[in-house]
Amino acid sequence: QVQLVESGGGLVQAGGSLRLSCAASGLTFSSYTMGWFRQGPGKDREFVGGISWSDDSTYYVDSVKGRFTISRDNVKNTVYLQMNGLKPEDTAVYSCAARQHYLVSATRFEYRFWGQGTQVTVSS
């Protein structure tokens, strides 16, 4: 049974930092491209960024470029989302997702497995 479990969310002031983790089990983690998505209040789920399994290449949505960094540890079966310079508009439930393809995709329907999400709240 595949499980993706996020952690690290919380309440932070604007300008602060958080690091989210997503621990995977039940799959060959090193063969999965991992994505991070978020869903803010009253908004659709949106792609934040992702990291390829093949060469650790990363891709980010423009709104987080330069502030967020995705990395992975294939020994710990964990993907991370380091978030710096947080803004109130980053407030959302953040979820990780896995797809068995070497390319990062911004389309949520292309990810097979999903975590439950972790809440990030940024106060102004």
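Let us look at the structure shown here.

Further remarks concern unusual backbone geometry. A positive phi angle, near 60 degrees, is found at Asp56, a position not held by glycine. Looking at where Asp56 falls in the secondary structure, it is placed in the loop between strand S5 (46–51) and strand S6 (58–60).

Centre distance and the angle of the planes are the two values used to describe a pair of aromatic rings. If you walk through the whole model with that rule in mind, you get six aromatic pairs. Each ring, one from Tyr32 and one from Phe113, has its centre 6.1 Å from the other, and the planes form 55 degrees; the classification is tilted. One end of the pair, Tyr32, is in the loop between strand S3 (18–25) and strand S4 (33–39); the other, Phe113, is in strand S10 (residues 113–114), with 81 residues separating them in the sequence. Residue classification places Tyr32 among the buried positions, given a relative accessible area of 7%. The rings of Phe37, Phe47, Tyr59, Tyr111 and Trp114 are connected pair by pair, giving a single aromatic cluster. Positioned above the aromatic ring of Tyr111, the side-chain terminus of Arg99 is 5.9 Å from the ring centre.

Bringing the nonpolar core into the picture now. Across soluble globular proteins, nonpolar side chains have a tendency to be buried as a group. Within the largest apolar cluster, 28 residues are counted, with the highest numbers of intra-cluster contacts made by Met34, Trp36, Met83 and Tyr94. Elements represented by at least two residues in this core include exactly S3, S4, S5, strand S7 (68–73), strand S8 (78–83), strand S9 (92–99) and strand S11 (118–123). With residues near it in sequence (within four places) discarded, Met83 still touches Gly16, Ser17, Leu18, Leu20, Arg67, Phe68, Tyr94 and Val120.

Looking at the element boundaries, Val93 is found in strand S9. Take Val93: its relative accessible area is 29%, and that puts it in the partly exposed class. Taking the C-alpha atoms as reference points, Val93 and Thr118, separated by 25 residues in sequence, lie 5.3 Å from one another. When residues no more than four places from it in sequence are discounted, the contact partners of Val93 are Phe37, Arg38, Gln39, Gln116, Gly117, Thr118 and Gln119.

Bringing the sheet that holds S8 into the picture now. Strand order in the open sheet made by the four strands is S1-S3-S8-S7, with antiparallel pairing throughout. At either end of the open sheet lies a strand with only one pairing partner, and these are strand S1 (3–7) and S7. If you compare each strand with its neighbour and ignore which way they point, the axes differ by 15 degrees on average. Bridge analysis of S1 against S3 gives five bridges, and the strand direction is antiparallel. Paired with Gln3 across the two strands is Ser25, which belongs to S3.

On the surface, Trp53, Tyr102 and Leu103 cluster together into a nonpolar patch covering about 300 Å² of accessible area. Classification of Trp53 by relative accessible area gives partly exposed; the value is 35%.

It is worth spelling out the pattern of salt bridges at this point. In the structure shown here, the tally under the stated rule is five salt bridges. Of the charged contacts, one joins Arg38 and Asp90 as a salt bridge, the two residues approaching to 2.9 Å between their closest N and O atoms. In this pair, Arg38 sits in strand S4 while Asp90 sits in the loop between S8 and S9, placing the two residues 52 residues apart along the sequence. Judged by its relative accessible area of 6%, Arg38 is buried. Put simply, Arg38, Glu46, Arg67 and Asp90 are held in one network by salt bridges that share partners.

So, how was this worked out
- Residues numbered from 1 in each chain as written.
- Predicted model: local features only at pLDDT ≥ 70, side-chain atom pairs only at ≥ 80, totals over all residues.
- Heavy atoms only, no water.
- Helix = DSSP H or I, 4+ residues; strand = E, 2+ residues; numbered from the N terminus.
- Phe/Tyr/Trp six-rings, centres within 6.5 Å; stacked < 30°, edge-to-face > 60°.
- Buried < 20%, exposed > 50% of the residue type's maximum accessible area, 1.4 Å probe, protein only.
- Lys NZ or Arg CZ within 6 Å of the ring centre and 35° of its normal.
- Core = buried A, V, L, I, M, F, W, Y, C linked by side-chain atoms within 4.5 Å.
- Contact = heavy atoms within 4.5 Å.
- Pairing = 2+ DSSP bridges.
- Axes fitted to C-alpha atoms, helices over the stretch in contact; angles between N-to-C directions.
- Patch = residues over 30% accessible without salt bridge, like charges linked within 9 Å, V, L, I, M, F, W, Y side chains within 5 Å.
- Areas by Shrake-Rupley, 256 points an atom, 1.4 Å probe, with all protein chains shown as cover.
- Salt bridge = Lys/Arg side-chain N within 4 Å of Asp/Glu carboxyl O.

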